[in-house]
Amino acid sequence: MRLMGKNPVPVLLGLAFFIVMCVAVAINSFFGSFSGSREELLREDSRKKTLNTGKLQCPLDGALVDRLPQDRPVAVVIDNLPRARPQSGLTKADLVYETLAEGGVTRLLAVYYHGEASSVGPIRSARPYFIELAGGVNAILVHSGGSPEALELLKNSNFPHLDEFRHPRYFWRISQRRPPHNLYSSISNLHKLARDYGLNNEVKVPSFNFISDEVKEYIGEKKSLQSDEVKIHFPRGYEVTYSYDPEEQTYCRFVDEKPHLDAATNSQLSARNIIVQFVKTNVVDGQGRLEMALTDHGRALVFSGKKVIEAVWQKPATDRPTTFKTMDGETVELLPGQSWIEIIPQNTKVSF
Ligand SMILES: [Zn+2]
């Protein structure tokens, strides 16, 4: 009774308030840990399933493989002019980057690690930013010549690259198309070339963060922003549209309103994940050549399983990978499969 002092009413009220707060905290922590543990259980379950198969996960596309490739990844510069389409071998890439070249056209960089393709091309010339993108995934750059800046950079560094100008034997030209839109090679040729020239040293390939479809679906329930269609407003003739196919849970790709096909398989290209990376871009010469600040940080949008995720990207040094984090500071989770990374100037319109 002494605890209550002379006037017990305020003390009793305080005690009641304290008890209510304790109950509230207990309920909150019970449900909080309950929902957290369901997510953890799903993750653990999917990790166990992967372990039980005895397989490993490819770091670039999350595919389950018996063993990781012996050969270093190759990043091939691919033409995207209308007369270069349809290209060959893009469906087999682990990862594809798309960005601008000068004059309002786009160019691709297709990265092959566990992916194999018997025909890849048309192969085109390098730009400085393709060197940086290849470096971010520890790949050997494959190209046919380059802009003066790119060739200068390659000459003055020991960056691993394979130039068709120096090794024409490992490439071929097809007669149905006119140069320079007709240069091809195969992934096995490129691996052989890399081995023959001592470039195939063992490297660690940085990994994206993949989760299973079921974990993604569960997390998805908590995040509401969704979109069936993503449109990237590249210059006229190069606009890209991705349309979500709920059955395949993938985004079908269109360029200039037409399905973008792979000549090798005649199937439409698609992306399991689309990452849009906004970068500072400047025109650096009279030809309209571009400079892109890839060692930097900025805004990103990630589209995966119909969800739209606001993100930030960061690349701390030229030879370090680019990371993508959510606004909560967590590494963005992707679904296993081919991702397309769209590197675009900051003022490019993206609708979804
Ligand atoms: Zn792979």
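A brief structural summary. (Residues numbered from 1 in each chain as written. Predicted model: local features only at pLDDT ≥ 70, side-chain atom pairs only at ≥ 80, totals over all residues. Heavy atoms only, no water.)

## Side note on the overall build of the protein
Right, so step 1: When helices and strands are tallied, the protein shows five helices and 24 strands.
Right, so step 2: Burial analysis of the protein (352 residues in total) assigns 49% to the buried set.
Right, so step 3: Taking all contacts inside the protein whose residues are at least 6 apart in sequence as the whole, residues at least 24 apart take part in 61%.
Right, so step 4: As displayed, the protein has an accessible area near 18000 Å², and 54% of this comes from carbon and sulfur atoms. (Helix = DSSP H or I, 4+ residues; strand = E, 2+ residues; numbered from the N terminus. Buried < 20%, exposed > 50% of the residue type's maximum accessible area, 1.4 Å probe, protein only. Contact = heavy atoms within 4.5 Å. Areas by Shrake-Rupley, 256 points an atom, 1.4 Å probe, with all protein chains shown as cover.)

## Re the coordination of the zinc ion
Right, so step 1: Distances from the zinc ion to its protein donors, namely Cys58 (SG), Asp61 (OD), Asp94 (OD) and His114 (ND1), fall within the range 1.9 to 2.4 Å.
Right, so step 2: Every donor counted, the four donor atoms about the zinc ion form angles of 86 to 126° at the centre, which fits tetrahedral coordination.
Right, so step 3: When the donors of the zinc ion are listed by position in the chain, the intervening gaps give C-x2-D-x32-D-x19-H. Of this pair, aspartate 94 sits in the loop between strand E3 (74–79) and strand E4 (95–100) while histidine 114 sits in the loop between strand E5 (106–112) and helix H2 (128–136); the two residues are 20 residues apart in sequence, bridging distant segments of the chain. (Donors = N, O, S within 2.8 Å, 3.2 Å for Na, K, Ca; no water. Tetrahedral: all angles 85-135°; square planar, octahedral: opposite > 155°, others 65-115°.)

## Topic: the side chain of histidine 161
Right, so step 1: In this fold, histidine 161 is placed in strand E7 (residues 161–163).
Right, so step 2: Among the residues examined, histidine 161 registers a relative accessible area of 18% and is labelled buried.
Right, so step 3: At 2.9 Å, the side chain of histidine 161 and the side chain of histidine 143 are in polar contact.
Right, so step 4: Excluding residues within four positions of it along the chain, histidine 161 makes contact with Ile140, Leu141, His143, Leu154 and Leu199. (Polar contact = N/O pair within 3.5 Å; in protein donor to acceptor, adjacent residues only side chain to side chain.)

## Comments concerning the sheet that holds E4
Hydrogen bonds along the backbone pair up the strands of a sheet, which may run parallel or antiparallel.
Right, so step 1: Pairing within the open sheet is mixed, and its ten strands lie in the order E7-E6-E3-E5-E4-E23-E16-E19-E20-E21. Since the sheet does not close on itself, it has two edges, and those belong to E7 and strand E21 (323–326), each with one partner. With strand direction ignored, the average angle separating the axes of adjacent strands in the sheet is 25°.
Right, so step 2: Pairing analysis gives seven bridges linking strand E16 (residues 273–279) to strand E23 (residues 339–345), with the strands arranged parallel. What sits directly across from valine 279, in E23, is proline 345. (Pairing = 2+ DSSP bridges. Axes fitted to C-alpha atoms, helices over the stretch in contact; angles between N-to-C directions.)

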